[in-house]
Amino acid sequence: MILVTGGFAAGKRTWVRDHLPGREVVFFGPSEARDALKDPQKETGEKAVQDAALRLLADHPEAVFITQEIGCGVVPQDPMDRSLREALGLAQCALAEHAECVVYITCGIGQVIRGELK
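Everything numeric here is computed off the predicted structure, so don't read it as measured data.

A. Spotlight on the environment of Leu117. Position of Leu117 relative to the elements: it lies in the segment after strand S5 (109–115). According to the relative accessible area criterion, Leu117 is partly exposed, its value standing at 33%. A sequence separation of 17 residues divides Leu117 from Glu100, and the C-alpha atoms of the two residues are 8.5 Å apart.

See the structure below:
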């Protein structure tokens, strides 16, 4: 699995399309984290979001995962938004642990921060 992350509108999708054509792409960002937090059948909190990300990974082990970095900005005032930010960050850490390569995108430029692109 390759993990591609970066801020909102940083050019992640375009970079993946241009540099990893033909690869399956899976998105795991704030909306997927919110869905995991709302699922009444699952655990609550950070573990629910991590588990949701790892289930996606188990279903798509060779995919390119695109995530949105939301931890580098202003800390939200709302406790729920802070919880979401923390939960998504921990889920991204869990995905990065399993990734053969992690790429951070800024201004449409990819920088490999772990592993190698093959």
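Now, onward.
B. Structural view of the pattern of salt bridges. Overall, the coordinates contain two salt bridges when judged by the stated rule. Among the salt bridges present, the one from Asp18 reaches Arg17, with a minimum N-O distance of 3.4 Å. Overall, Arg17 belongs to the exposed group, its relative accessible area being 55%. With its nearest N and O atoms 3.1 Å apart, the salt bridge here joins Asp51 to Lys47. Of this pair, Asp51 and Lys47 are both found in helix H3 (residues 46–59), four residues apart, which corresponds to roughly one turn of the helix. Its relative accessible area of 15% is what places Asp51 among the buried residues. Classification of Lys47 as partly exposed rests on a relative accessible area of 48%.

Scoring rules and cut-offs
Residues numbered from 1 in each chain as written. Predicted model: local features only at pLDDT ≥ 70, side-chain atom pairs only at ≥ 80, totals over all residues. Heavy atoms only, no water. Helix = DSSP H or I, 4+ residues; strand = E, 2+ residues; numbered from the N terminus. Buried < 20%, exposed > 50% of the residue type's maximum accessible area, 1.4 Å probe, protein only. Salt bridge = Lys/Arg side-chain N within 4 Å of Asp/Glu carboxyl O.

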